[in-house]
Amino acid sequence: MTQLGLPDTILACLFDLDGVVTKTAVVHAAAWKETFDAFLREYEGPEARPFDEIADYDEYVDGRPRADGVRSFLDSRGIHLPEGTPDDPPDARTVHGLGNRKNDLLLERIRTGGVEAYEGTLRYLEAVRARGLRTAIVSSSANCRDVLRAVGAEHFFDVRIDGVVAAERNLPGKPHPDTFLAAAHELGVEATRAAVFEDALAGMDAGRAGGFGYVVGVDRVGQTDALYAHGASIVVKDLAELGGKQ
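Residues numbered from 1 in each chain as written. Predicted model: local features only at pLDDT ≥ 70, side-chain atom pairs only at ≥ 80, totals over all residues. Heavy atoms only, no water.

Moving on to the side chain of D16. One can find D16 in the loop between β1 (12-15) and α1 (25-44). There is a polar contact of 3.0 Å between the side chain of D16 and the side chain of K174. When sequence neighbours within four positions are dropped, the list of residues in contact with D16 reads V21, I137, V138, S139, K174, F197, E198 and D199. (Helix = DSSP H or I, 4+ residues; strand = E, 2+ residues; numbered from the N terminus. Polar contact = N/O pair within 3.5 Å; in protein donor to acceptor, adjacent residues only side chain to side chain. Contact = heavy atoms within 4.5 Å.)

Following this line, the structure appears as structure tokens:
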């Protein structure tokens, strides 16, 4: 293992955004809860079981493209809505309408509450770059660039594969490995020479399915066992645990 806590065969590092680089996972979870709870009360009545910001978020929406998260959660409740289109208004009773409602709430929360980065991750990124490894940000978020700019972290990454790029290229999102594979390809490395850094179970699945050389699970919410079960090579609570001190 190197001083970065990685196998010496690794040439590139592929980082998820929410929950790994930035503290936006909790903001996403709150926006999903507000969206789904309002919909469930309208759809099922006041006795509707609310969205769980930990269990439901981790299992059905974390790390997935927005529309996939809507479908996944609604499927878990036996609810099926028309797809609609990406341009649906946020009050439309469609998959895309709910997704757009969530995005509006997310952007509002980001604007009013700000975005923070994990200091341990920023220090680790500095060490990774100093040792000459190539880097990419891989996120399902269409707001990835804005969030990186908000925390001053855009310069850490050679390549960005986010929700916007994935839509342009028709890349399926996590748990499929396609976005991570696209990032490795743009960095000019084989998957076996790249490490994936993820906090979502869907991201672990993507790392395993893509045959990546190392998959680092970042446990921010106490799901170490689940991260290992979904394919993590190692699980840490903060990337500072891996080393990488300058």
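Okay, back to it.
Let us now look at the environment of R66. Mapped onto the secondary structure, R66 falls in helix α3 (residues 66-76). Once the C-alpha coordinates of R66 and A142 are considered, the two residues, 76 residues apart in sequence, prove to be 8.9 Å apart. Filtering out sequence-adjacent residues up to four positions away, R66 remains in contact with W32, G99, N100, N103 and A142.

The strands making up a sheet associate through backbone hydrogen bonding, with each pair oriented either parallel or antiparallel. On the basis of which strands lie adjacent, the open sheet formed by 6 strands has the order β3-β2-β1-β4-β5-β6 and parallel pairing. The open sheet has two edge strands with one neighbour each: β3 (159-161) and β6 (234-236). Across the sheet, the mean angle from the axis of one strand to that of its neighbour is 20 degrees, orientation sign disregarded. Pairing of strand β5 (residues 214-218) with β6 involves 3 bridges; the strand directions are parallel. Bridge pairing in β6 links V218 to V236. Lying over the sheet, helix α5 (residues 119-130) contacts β1, β2 (134-138) and β4 (194-198), oriented at roughly 155 degrees with respect to β1. (Pairing = 2+ DSSP bridges. Axes fitted to C-alpha atoms, helices over the stretch in contact; angles between N-to-C directions.)

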